[in-house]
Amino acid sequence: MPEVILSDYFYGQESEEFIYFKIPRLLITDQKFKHVSTDAKLLYGMLLDRMGLSAKNGWYDELGRVYIYYTVDEICEDMCCGRDKAMKLLAELDQKKGIGLVERVKQGQGRPTKLYVKRFTTRTAPPEPVPPPPDHFTPCSEVEKNHPKTSEKSMSRGREKPPQEVEKIDPNHTKGNQTDLNHPDPSILPPKPPGGAMGMDRYELREEVKANIDFENLRRAHPYDDVDSLLELVVDVLGSTAPTLRIAGENLPADTVKQRFRRLDGTHIEYVMEAMSQTTTKINNIRAYLLTALYNAPVTMGPYYSAAVRHDFG
C-alpha cells in the first residue's frame, strides 16, 4: 500500500493548485448555447474569474455595474492562441455580434476596453404532465341503470330484479348528498410534485441562487449554517409576491430589491459574513440587518475593500 505523505505548506505556484475556473452548467447543457464553441465557453469562465479582481479594485461604473479589463493580448497568452482566434472568441460572446454574454465598451485614447460580463438565467417552464385517459367502463348488460329521480317511488311497471351477483344499492344517495366529497381514483390523476407548484418554484429558485453564489465552495470555506441562512434569505426575497419589501426601515418596490439581489454572487456573501464577524454591536433584528447588508453589498463591497487596501498600504 503506497505511503500517504502529508505536507504542511504550499510552495511557489502550488498555492494555486486548488483554484479553478468555473463555467455555469447551463452554458453546457442548455439548448440556447449549443452553437457556442467550447473555447468561447472557457473564455467566459475566465472572464467570470476576473470579476473577483474587479470587485476588490472597486471597478464600478456610475450605475454600480462591475466591469473588467482583459486585453486581447492577455487572452492570446492565457489561451495559447493567435490574435484572430481571440477576437473570434470575443465576438462569439459579444452582445452585438454573438450570444450576448459580454458587452465591450471602448474608451479610446489608448485606454483598454471595458468588458461587462453579463449574467444569464433560463426561465423555460417544463411541460405539464399529461394525465392518462380514464379507463372507459362499459357496464354489464345485466346491470340495471340507476334512476336517480324515481328509484324510491313505485313505477307504473314493475322493476325486474337484477341478478344477485350484480345487484347494488342505489349509489345516488351519498351521505348528505355531499357530492363534492367524492374521491376519484387517484390512479387516473397526473402526479403532483411534492409541496405543490409553489414548492417546485422555490426549489428551482434556490438552485439558481446556489449557482449564482457558488454555494458549494462557500459551504466548504465557511460554517454551513451561516451560508445556508443567507441563501434562504435571498430565496425569500426573490420568491416574494409582496409589492414592496422593507429594507433599512423603508418600504422599497419589490422589483427594485429583487434586481439588486439577483446581482449577488459568492464574493458578496463572503463580504457580508466578514462584516458580520467584525460587528460588536448588539443586533436586535438580525433578519432585517442581514437583508439590508445583502441589499447594499453590490454597491458597498468595492469601496469597502478599496478603503481597506488604502489603510493597509497608505
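Residues numbered from 1 in each chain as written. Predicted model: local features only at pLDDT ≥ 70, side-chain atom pairs only at ≥ 80, totals over all residues. Heavy atoms only, no water.

> Could you give an account of helix α9 (residues 266-277), naming the residues involved and the relevant values?
Each α-helix winds once per 3.6 residues, and so residues spaced three or four apart point in a common direction. Between its terminal C-alpha atoms α9 stretches 17 Å, which fits the 16 Å expected from 12 residues at 1.5 Å a residue. Among all positions in α9, only G266, H268, I269, Y271, V272 and M273 are buried. (Helix = DSSP H or I, 4+ residues; strand = E, 2+ residues; numbered from the N terminus. Expected span 1.5 Å × (residues − 1). Buried < 20%, exposed > 50% of the residue type's maximum accessible area, 1.4 Å probe, protein only.)

> Tell me about the side chain of D94, and name the residues and values.
Positionally, D94 belongs in the loop between α4 (83-93) and β2 (102-105). The class for D94 is buried, based on a relative accessible area of 6%. When sequence neighbours within four positions are dropped, the list of residues in contact with D94 reads I99, G100, V102 and R104. (Contact = heavy atoms within 4.5 Å.)

> Break down helix α7 (residues 224-238) for me, citing the residues and quoting the values.
In this model, α7 (15 residues) spans 21 Å end to end at C-alpha, consistent with the 21 Å of a helix rising 1.5 Å per residue. Three or more residues of α7 are buried, namely V227, L230, L231, L233, V234, V235, V237 and L238.

> Tell me what's going on with a nonpolar patch on the surface, and back it up with residues and numbers.
A cluster of nonpolar side chains, contributed by F21, I23, I28 and L42, occupies part of the molecular surface with about 330 Å² of accessible area. For F21, a relative accessible area of 49% puts it in the partly exposed group. (Patch = residues over 30% accessible without salt bridge, like charges linked within 9 Å, V, L, I, M, F, W, Y side chains within 5 Å. Areas by Shrake-Rupley, 256 points an atom, 1.4 Å probe, with all protein chains shown as cover. Salt bridge = Lys/Arg side-chain N within 4 Å of Asp/Glu carboxyl O.)

> Tell me what's going on with the pattern of salt bridges, and back it up with residues and numbers.
Counted according to the given criterion, the structure contains 14 salt bridges. The partner of E207 in a salt bridge is K210, with the nearest N and O atoms 3.6 Å apart. Of the two residues, E207 and K210 are both situated in helix α5 (residues 196-212); the distance of 3 residues between them amounts to about one turn of the helix. Judged by its relative accessible area of 32%, E207 falls in the partly exposed class. By relative accessible area, which is 21% here, K210 ends up partly exposed. As a salt-bridge pair, R219 and E216 come within 3.6 Å of each other at their nearest N and O atoms. Here R219 and its partner E216 are both found in helix α6 (residues 215-221), 3 residues apart, which amounts to about one turn of the helix.

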